[in-house]
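Observations on chain architecture
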Amino acid sequence: MICFDVSALTKARLGTSLTLNVDIGPHKLTDLEVDFLRGTIQVVRVHGGLLVRGTVGSQLGLECVRCLELFSLPITLELEETFRLPEAGPRQDTSYAVSDDGWLDLAPLLREQAWVAIPMKPLCSPDCKGLCPQCGANLNLESCTCDRVRVDPRLALLKDLL
């Protein structure tokens, strides 16, 4: 949990703000591990809740889809979300809420934004060569002597005609 006490803001007048500094080492966001979280977040009292805005930098450990090697991907999380106050009651337009005792848990929001920041096909580098389909060698680290020309066995008879 990445919690901050915002109980003073829950009773403050509209427009009152608080700046939070986030600097956390390796952390597990439920099903996602980040190497660090660093940034500044501004919390502003708005009608029925707290507006959370800020930028948090992080780094994720991912596996390349081509060569299957682990690599670190730097990401920047842009946050802008309204947290519902406990006395405001449930609303459909807000997914997050401040706890009854005035604590703001940013972990679910950061987790969601981190998942959105992960590319569909993470690559260790844009020019990753991947693995050899025959011997499985990592072509970024070594070359192999496998025959690169593969002919579909259904079309092998056509090769003889040429």
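For the structure, check the block above.
The residue count restarts for each chain, going from 1 along the sequence in the order it is written. Thresholds applied to this predicted model are a pLDDT of at least 70 for local features of residues and 80 or more for the giving and counting of side-chain atom pairs; totals over whole chains, interfaces and linings are not thresholded and use all residues. Neither water nor hydrogens contribute to the side-chain values; these are computed over all heavy atoms in the structure.

**A closer look at helix α2 (residues 107-117)**
Using the following cut-off: When a residue's accessible area, from a 1.4 Å probe over protein chains only, is under 20% of the maximum for its type it is buried; when over 50% it is exposed; and in between it is partly exposed. Only DSSP runs of H or I covering at least 4 residues are called helices, and only runs of E covering at least 2 are called strands; the numbering of each starts at the N terminus. The arc in question is the one traced by the directions running from the helix axis out to the C-beta atoms.
What α2 keeps buried is the set Ala107, Leu109, Leu110 and Ala114. End-on view of α2: buried residues confined to an arc of 160°, all on one side of the axis.

**So, the pairing of strand β5 (residues 49-63)**
How we decide: Two strands pair if DSSP finds at least two bridges between them.
The pairing of strand β4 (residues 32-46) with β5 spans 11 bridges and is classified as antiparallel. By the bridge assignment, arginine 45 is partnered in β5 with leucine 50. From the end of β4 to the start of β5, which pair antiparallel, there are 2 residues, and glycine 48 there has a positive phi angle of about 80°. For β5 and strand β6 (residues 70-84), the ladder comprises 15 bridges, and the chain directions are antiparallel. Counted as the bridge partner of arginine 53 is glutamate 80 from β6. Hairpin remark: β5 followed by β6, antiparallel, with 6 residues in the connecting loop; positive phi at leucine 68, about 65°.

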